[in-house]
Structure formats: C-alpha cells, structure tokens
Amino acid sequence: MKKLRIPLLLALSLCLSCTPSGDPNQIVLRVSSWGGAGDDSDFDKLVKQFYRDFEKENPGVKVRQELIPGGGSEYVHKMMLNFVAGAEPDIMIVDASSAALFINNGVLADLTKLDKGSDFDISDYFPNVLNIGRRGNALYTIPSDFTPMVMYYNKELFDAAGVPYPKAGWNFKDFQETATKLTDQGKNQHGFVFSNWMPGWVMWLWNNGADVLSKDGKQATGYLDSPKSVETITYLRDLVLKHNVAPSFSQVASTGVDPFANGEAAMTVSGHWAMIGYKNAPKKDGKPAIDWTKLGVVELPHNTPHSNTVMYAAGYGITSRCKQKELAWKLINRWTSYSHQLPYNKSGIAVSARKDVAAELAKDPVDQQFLKLIPTARPPAGSRVEGYELVETLGAKAMDSVLADRNSNVSEILSRTAKRIDLEFAKRQ
C-alpha cells in the first residue's frame, strides 16, 4: 500500500467527527455514497425502507447512510481522507472511474473471502461489469448499475431530412456524411452535438485505433499524441469548426439548453441516464421537443473491426478495516439480489448489472439496443489507473485549445498535454 499523507489536525478532526455514539451494544453499519441530503423521491424512500427492513431482520443493527455532497472527485478525496484518518465507513459506493485508487491502496476488502454459504452467484452479472472490481481471483466490488455510452439519434429529424437511420458497422466517413445531411443552418439544426467531457469522447480515439495511455497506464507520450490520436482529434475539431455539423461551445452556451433534448440536433453521445431527461423533453411548438417513440440508439461509428464504448458503473465495496465484514456482506448481498434490484432500477437512470433484472426492464427498443452494446463496453481507465482524473482534466483542456481555432496545431497540443501527464505521473511514483 502506498503512503498517503494528510495534515494531522485534519485527520484528528475526521476521527473525532466520525466516532460512533449512542447505545454501546448497538452495531452501526455506516454506508457512504455521493449525493446531497435525502429527499422524498420514490427512489430515496426505497433506499430508506430497505435499510429499515434490514434493521428489523437483524435486531441490534443500525444502518447509517452518509451522503457526501459534491460527488465525483470530491467524494473520492473525502473517502481517502477518511481512510487515512481511520474514519472510513463500513460500506462505500465505488465509482468505476476511481476504483483503482481504492483497490490499489488497500481501502477495500476481498469479498470472495466473505462469500461463504450465501446465494450470491457471479454468473448473475454481466462479466465485463463485474470484472471492474476484480484483481486476479480477488473481487473488491459488487456492481449495482452501469451504463455504456451510446449514440442517440432523433428519428423524427432523420425522417424529415429523408436520411436513413444509422446502422451498426458505420464508420467515421459515414457519420460525417450523415451529420452533414442533417445539418440545416436555416432551421438552426445540427447533425450532431459535441460536448467536451473527456469521459464522453475518449471512445472516438479507441474507435480509430488510438488510445490515451500505454497498456500499463504509465505513459501518455506516444499514445495520446500518436498519429492516430492526432487524426481523431482533428476529425472532431473539423466536425465543429470546418464542416459545422455540430454547434460550437459558445453557441450551446448562449442558448443554455441541450440542443439534442431541444430537438435541434439529430445525434449525440450520452449514457442511459439521459433517457430520463429525454422522456421529459421540453415543449416546443406545443409538443415535446423529442418524441419518445422516435428516439433511437446505435453503436458509435468506428474505423476499427468493431465498435468500442466505455461503461461507467457504481458498485458496493466493504472497507478493509470494517469490523463487521460478515454483516456488511449480508447487507450488500441482500441489496444486490434480484428482488431488491428490480424495483431499484425501475428509475431508468442506469442499466442493472444483474443480467436478469436488466433483461426484464428492457421492454422498449431503446433499452434493448443498450443490452446489445454491453459486450463491447470497456471499463474506464480510472478503474485500473490511479490518478486518471488528472488525464481527463488535462484532456478536456487540450480539447478546449483544439476547438479554439479551426487551424489549431492538434499534434503540438496533444504532444504538450502528453508530456504534462507523464511529468505529473512521474511525480507520483
């Protein structure tokens, strides 16, 4: 385990603030996740009821839910501070994008040592999703839900333009031609909307035979700035600034709305969570901007033998210093069971990591397309590479520089970024 440092006074304050209180005979299971204070939504009520039912089934046990506001890197930072201070929870939700940090530093316990006599079956889960938390024969997280990133398209705009719907197997050239046909400046309509969120565009690199880091995750030079990477980023820049098939960031910012959700862009890349917003699309001319029955999903275009996508997942882990590991495993095993995951996943925000639940809830064509894309989904690099959030931050800054000028020197920008990443990674060794 690597040596982690935080200021002594902060560590002491964390320890003091998390010291259990109340009945000394009561067993308290602390469960941490990201998010703000609970509300009265159906989802929040479901979670609370689950904990109360678990307490009734296990007299003397109290489940304490601890929600960390901010999410993302803030949650990761606070969880690591708690671990160093000896104030970590018993169970924590682990995002695939930062799983490496917790697994590699001994924060999480090997769950295979706890799975004795339970009805847990790894075959219930999508293998590539389950493997996010696997290291050799050890398993550190049980996935709850996830989403592959997909290409959404608005069939209504395709029909109006007389353009055939995209099909599996399309390539970058096909995509550009399709987006061009769907772009109509007079109607303020674009064929595509591009967002500078690296977790949402890294797959374009993969689908052109490029990557961000070496296979061991230690080097960006020669990968992020490779000829194929330069070709890919140049292609994305030209979609926006030369071919004008996607609105510029300033155009999107000036309207304050998502062009795809507003019916002004024919295609976009996003995850399963976007479906909730699309189902409640804003009104336009008296009707929803997106007709739910006209929403399509297809694999990302690719110049490689098959399309690649990334999947973002959340899973449950038990901290290595948890004193009630068997009880914590009992809670996780119950929570990830079919009977509890079915109602939990009905919100539609993600795909259940359980194959049986995912199949039962995939009742419309859009969900069914998601299931077809799962086998080619890859975990984010952060599931294996510590500190990958730095790469995503610098990658987004590089893309900003690329998109600032239609004649930007993409090779120079990526080379400079790759060297910066390598330098920062070297400091952490």
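Look up a bit, the structure's there.
Each chain has its residues counted from 1, running along the sequence as written. Local features in this predicted model are restricted to residues whose pLDDT is 70 or higher, and side-chain atom pairs enter the listing and the counts only when it is 80 or higher, whereas totals over whole chains, interfaces and linings include all residues. The basis for the side-chain values is all heavy atoms of the structure; hydrogens and waters are excluded.

Let us look at the overall build of the protein. The number of helices and strands found in the protein is 17 helices and 14 strands. Two things to know: the radius of gyration comes from C-alpha atoms, and the globule rule equals 2.2 Å times the number of residues to the power 0.38. The C-alpha radius of gyration of the protein comes to 23 Å, within 12% of the 22 Å expected for a compact globule of 429 residues. Expressed along its principal axes, the backbone C-alpha trace of the protein runs to roughly 70 × 50 × 40 Å. Relative accessibility thresholds used throughout: buried, under 20% of the residue-type maximum; exposed, over 50%; partly exposed, between the two (1.4 Å probe, protein chains only). Within the protein, the fraction of its 429 residues that count as buried is 53%. If you take every contact in the protein between residues at least 6 apart in sequence, the share linking residues at least 24 apart comes to 76%. Using a 1.4 Å probe, accessible areas were evaluated by the Shrake-Rupley method; residue-level cover was limited to the displayed protein chains. For the protein, the accessible area works out to roughly 20,000 Å², and carbon and sulfur atoms hold 53% of it. Just so you know, the count uses Lys and Arg for positive and Asp and Glu for negative, and it drops His and the chain ends. By convention, the charge on Lys lies at NZ, on Arg at CZ, on Asp at CG and on Glu at CD. Here the protein contributes 49 positive and 47 negative side-chain charges, whose respective centroids are spaced 3 Å apart. Here a helix means four or more residues in a row that DSSP labels H or I, a strand means two or more in a row labelled E, and each is numbered from the N terminus. The contact criterion used throughout is that any non-hydrogen atoms of two residues lie within 4.5 Å.

Put simply, a salt bridge is a Lys or Arg side-chain nitrogen that is within 4 Å of an Asp or Glu carboxyl oxygen. Evaluated as defined, the whole model comprises 18 salt bridges. With a shortest N-O distance of 2.9 Å, Arg-321 and Glu-88 are connected by a salt bridge. Taken as a pair, Arg-321 in the loop between β12 (309–318) and α12 (325–335) and Glu-88 in the loop between α3 (72–84) and β3 (91–95) lie far apart in primary sequence, 233 residues in all. With relative accessibility at 11%, the residue Glu-88 sits in the buried group. Two residues, Arg-237 and Asp-238, come together in a salt bridge whose shortest N-O distance is 3.0 Å. Residue classification places Arg-237 among the buried residues on the basis of a relative accessible area of 6%. Because the salt bridges share partners, they merge into one network encompassing Arg-30, Arg-64 and Glu-66.

Those residues of helix α15 (residues 365–373) not exposed but buried are Val-366, Asp-367, Phe-370 and Leu-373. Across the axial projection of α15, the buried residues extend over an arc of 115°, all falling on one side. Residues of α15 that are exposed and point more than 90 degrees away from the buried face comprise Pro-365 and Lys-372. Two N or O atoms count as a polar contact when they lie within 3.5 Å, although within protein this holds only if one can serve as hydrogen donor and the other as acceptor, and sequence-adjacent residues are included solely when both atoms are side-chain atoms. Put simply, Asp-364 is the residue that caps the front of α15, since its side-chain oxygen is 3.0 Å from the backbone nitrogen of Val-366. Each C-beta atom gives one direction from the helix axis, and the arc is the one those directions make.

Before going further, it helps to spend a moment on a nonpolar patch on the surface. Residues qualify for a patch when their relative accessible area is over 30% and they have no salt bridge, like charges being joined within 9 Å and the nonpolar side chains of Val, Leu, Ile, Met, Phe, Trp and Tyr within 5 Å. On the surface, a cluster of nonpolar side chains totalling about 370 Å² of accessible area is made up of Trp-197, Trp-273, Ile-276 and Ile-349. One can find Ile-276 in helix α11 (residues 274–279). Taking the relative accessible area as the measure of exposure, Ile-276 reaches 33% and is therefore partly exposed.

Turning to the pairing of strand β1 (residues 27–34), a few remarks are in order. Pairing between strands is defined by DSSP: at least two bridges between the two strands are required. The pairing of β1 with strand β2 (residues 61–68) spans eight bridges and is parallel. Along β2, the bridge assignment pairs Ile-27 with Val-61. Sheet topology note: the β1/β3 ladder contains two bridges and is parallel. Bridge assignment links Val-31 to a residue of β3, and that residue is Ile-91.

Let us now look at the environment of Ser-383. Among the secondary structure elements, Ser-383 is positioned in the loop between β14 (377–378) and α16 (388–402). Judged by its relative accessible area of 1%, Ser-383 is buried. In the structure, Ser-383 is positioned 71 residues away from Tyr-312 in sequence and 9.6 Å away in space, judged by C-alpha atoms. Among all residues touching Ser-383, those that are not within four sequence positions of it are Ala-96, Ser-97, Ala-99, Ala-100, Ile-132 and Arg-135.

Turning our eyes to something else, we now look at the packing of aromatic side chains. Note on aromatic pairs: the rings of Phe, Tyr and Trp (six-membered ring only in Trp) are paired at centre separations within 6.5 Å, and the planes decide the class, stacked below 30 degrees, edge-to-face beyond 60, tilted for the rest. Using the criterion set out here, one finds 23 aromatic pairs in the structure. Geometrically, the ring pair formed by Phe-158 and Tyr-165 is edge-to-face, given 6.1 Å between the ring centres and 70° between the ring planes. Looking at Phe-158, the relative accessible area reads 0%, which means it is buried. Among the aromatic residues, those joined into a ring-pair cluster are Trp-170, Phe-172, Phe-175, Phe-192, Trp-204 and Tyr-235. In this analysis the charged atom, NZ for Lys or CZ for Arg, is taken to sit over a ring once it is within 6 Å of the ring centre and within 35 degrees of the ring normal. The ring of Phe-83 is capped by Arg-321, whose NZ or CZ atom sits 4.2 Å from the centre of that ring. The side chain of Arg-378 reaches across the aromatic face of Trp-206, ending 3.7 Å from its centre.

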